[in-house]
Amino acid sequence: MYVVMVAAECSPVAKVGGLADVVFGLAREAELRGHAVEVILPKYDCMRYDQIWDLHPSYHDLWVPWYGGAIHTTVWFGFVHGRKCYFVDPHSRDSFFNRRRYYGHDDDPMRFAFFCKAALEFLLKSGKRPDVIHTHDWQTALVPPLLFEMYARGGMHRQRVVHTIHNFKHQGIVSEEILWATGLGRPEHFFAKDRMGDDFNPTAMNLTKGAILYSNFVTTVSPRHAWETRFTEQGFGLGHALHCHQSKYGGVLNGIDYDTWNPQTDWHIPHHYDAREPQAKYGNKEALRDRLWIRKEYKPIISYVGRLDPQKGVHLIRHALFHAIGNGAQFVLLGESPDSAINDYFFHLKYHLNDNPDCHLELRFDEDLSHLVYAGSDMVIVPSLYEPCGLTQMIGLRYGAVPIVRSVGGLADSVDDRDYGWKPSHERNGYVFHDADYGGVMSAMNRAIGLWYDYPHEWRRLMQQGMYYDYSWNYPGHHYMNIYDYVRDK
Ligand code: ADP
């Protein structure tokens, strides 16, 4: 099959969160299975250009229709660790993608609407006719309506779309303006409740709702979350739309890229190890302590790696930090927040704990350091309020850092409690708590810290059991290929 991914992120060139890892990992897996895959991304000025090989203009004069006129655009091509990527570079005064950050601008809906339009225009004009176009999240949710309402008539009637929703909180609630900019027009048509009209705001359109309606298949990133979004408040108002389209909706648990995340070969870490011989992991623990000025004592290290977003249970992360250092453990936090109030709070906390030799807060995004944090930690904690999939716990498992998680979404699908799990005891791999409160976090942490101190052999066994799990793209890749094959025009 010929698959084109249209996405706002792709690891490691343009990464804000898990979306980037999924786009790269799935593209790679599909290629390994013999399919042709290309990725279309915006050409951001803040990308990691050192991770792109042979970047050169591929389509010089693409004129993308925009309002009454057209925007002159160049499409670049380059390899990102073997993946074939196209980068959309519009030359307009709006400077859509030269803003020094990926998101967080007032005109984000316009920026990404342009991106969707440009991606389709590029496919049309360059003669590319993929079997499947795979779009991701609200930024690219306008592709399915554009394809079926406009481009199908222009020669792209055989293309099919799979849309993956990575985070229901961000749906793309936009105004009528988008319709005029992209040439879709006809607000009375698109604002209908059974099309893209938002269910809660009569003057707005919901792009994710549109993608659910127009796509040939819709997925989210874990089976549990697929259920949660239909039947609980975690659908953020889209439960009804999902219900109406339930026959083409499902959850596929993400994988992680086992080349990038491999403690046997990872060049970011000084000591290599695997599930059979995990001893060298402790060399990394020392290296992590050296790097972050944490004292060398016989204590477990618990870490949190991730965005400091309210979704992640920020108050529970803070509580876990204090509970760890008050109960014989050390704590490492690597994260940053898009919300300046949360960032300020954690900077304040960092200052307050500056002299504490048992913890370290690194408040920035650092992919390279994250590898050492996973390799050097005994446990990773993920106390999310909701979590569509979550990659941190899977990376933790791979690196022998036992996950302590709340039982939501993909966390519940990937971690089984050592003491109370439903799997046979030799398949359990972490600690799970249910209530999103301090008591929940503490109960799971106490059990983990207790086992680490009192039964080191048992601890080692638990750690190894986790490392033996296969959370690569192998299984999810298989699921997605089935979905692609199911929807494509045969
Ligand atoms: P989300 O997609 O909600 O951000 P996930 O758990 O799915 O959360 O994915 C997070 C990914 O981003 C993981 O690969 C994690 O290691 C990485 N990550 C998050 N924050 C940071 C950071 N500050 N530094 C390095 N890597 C980070």
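Up top is the structure these notes are about.
These numbers come from a predicted model, not from an experiment.

Section: the overall build of the protein
Regarding its fold elements, the protein presents 17 helices and 17 strands. For 490 residues, the compact-globule formula gives about 23 Å, and the C-alpha radius of gyration of the protein, at 23 Å, lands near that figure. Principal-axis analysis of the C-alpha atoms gives the protein an extent of 70 × 45 × 45 Å. When the 490 residues of the protein are sorted by exposure, 62% land in the buried category. Residue pairs in contact within the protein that sit at least 24 positions apart in sequence constitute 71% of those at least 6 positions apart. Accessible area for the protein stands at about 19100 Å²; split by element, carbon and sulfur atoms hold 52% of it.

Description of the environment of Trp-459
By the secondary structure assignment, Trp-459 is in helix α16 (residues 456-468). As a C-alpha pair, Trp-459 and Ala-448 span 11 residues in sequence and 8.6 Å in three-dimensional space. For Trp-459, the residues in contact, after removing those within four places along its chain, are Asp-378, Met-379, Val-402, Tyr-431, Ala-448, Leu-451 and Trp-452.

Here's the deal with the site of the ligand
Taken together, the neighbourhood of the ligand is formed by 20 residues, with Gly-18, Arg-307, Lys-312, Tyr-374 and Leu-391 sitting nearest. Arg-307 is positioned with one of its side-chain polar atoms (N or O) 2.7 Å from an oxygen atom of the ligand. Taking Tyr-374, its side chain carries an N or O atom lying 2.8 Å from an oxygen atom of the ligand. No other element matches helix α12 (residues 367-376), which puts three residues into the shell around the ligand. Its residues assigned to classes, the shell around the ligand shows six nonpolar, seven polar and seven charged.

A short note on the packing of helix α10 (residues 314-326) against helix α11 (residues 340-352)
Look at α10 against α11: their axes get within 12 Å of each other, and the N-to-C directions meet at 5 degrees. Between α10 and α11, the angle is such that the two are roughly parallel. In this structure, α10 contributes Val-314, Arg-318, Leu-321 and Phe-322 to the contact, and α11 contributes Ile-342, Tyr-345, Phe-346 and Leu-349. Of the residues that constitute the contact of α10 with α11, the class distribution is seven nonpolar, no polar and one charged.

Looking at α11
Under the 1.5 Å per step criterion, the end-to-end length of α11 is 18 Å for 13 residues, consistent within 8% with the ideal 18 Å. Inspection of α11 places Ile-342, Asn-343, Phe-346 and Leu-349 among the buried residues, and these make up the whole buried set. When α11 is viewed along its axis, its buried side chains cluster within an angular range of 120 degrees and face the same direction. Residues of α11 that are exposed and angled more than 90 degrees away from the buried face: Ser-340, Ala-341, Asp-344, His-348, Tyr-351 and His-352. Considering only its buried residues, α11 is in contact with α10, β13 (330-334) and β14 (359-362). Here α11 starts with a cap whose side-chain oxygen sits 2.8 Å from the backbone nitrogen of Ala-341, and that cap is Asp-339.

Here's the deal with the pairing of strand β2 (residues 36-42)
Most of β2 is tucked away: six of the seven residues are buried. Bridging between strand β1 (residues 2-6) and β2 involves five bridges; their strand directions are parallel. Of the residues in β2, the one forming a bridge with Val-3 is Val-37. With helix α1 (residues 18-32) bridging β1 and its parallel neighbour β2, the resulting β-α-β unit is right-handed.

Here is what the cut-offs are and how they apply
Residues numbered from 1 in each chain as written. Predicted model: local features only at pLDDT ≥ 70, side-chain atom pairs only at ≥ 80, totals over all residues. Heavy atoms only, no water. Helix = DSSP H or I, 4+ residues; strand = E, 2+ residues; numbered from the N terminus. Rg over C-alpha atoms; globule rule 2.2 N^0.38 Å. Buried < 20%, exposed > 50% of the residue type's maximum accessible area, 1.4 Å probe, protein only. Contact = heavy atoms within 4.5 Å. Areas by Shrake-Rupley, 256 points an atom, 1.4 Å probe, with all protein chains shown as cover. Near = heavy atom within 4 Å. Polar contact = N/O pair within 3.5 Å; in protein donor to acceptor, adjacent residues only side chain to side chain. Nonpolar A, V, L, I, M, F, W, Y, C, P; charged D, E, K, R; others polar. Axes fitted to C-alpha atoms, helices over the stretch in contact; angles between N-to-C directions. Parallel < 35°, antiparallel > 145°, perpendicular 65-115°, else oblique. Expected span 1.5 Å × (residues − 1). Arc of directions from axis to C-beta. Pairing = 2+ DSSP bridges. Right-handed = clockwise from strand over helix to strand, strands pointing away.

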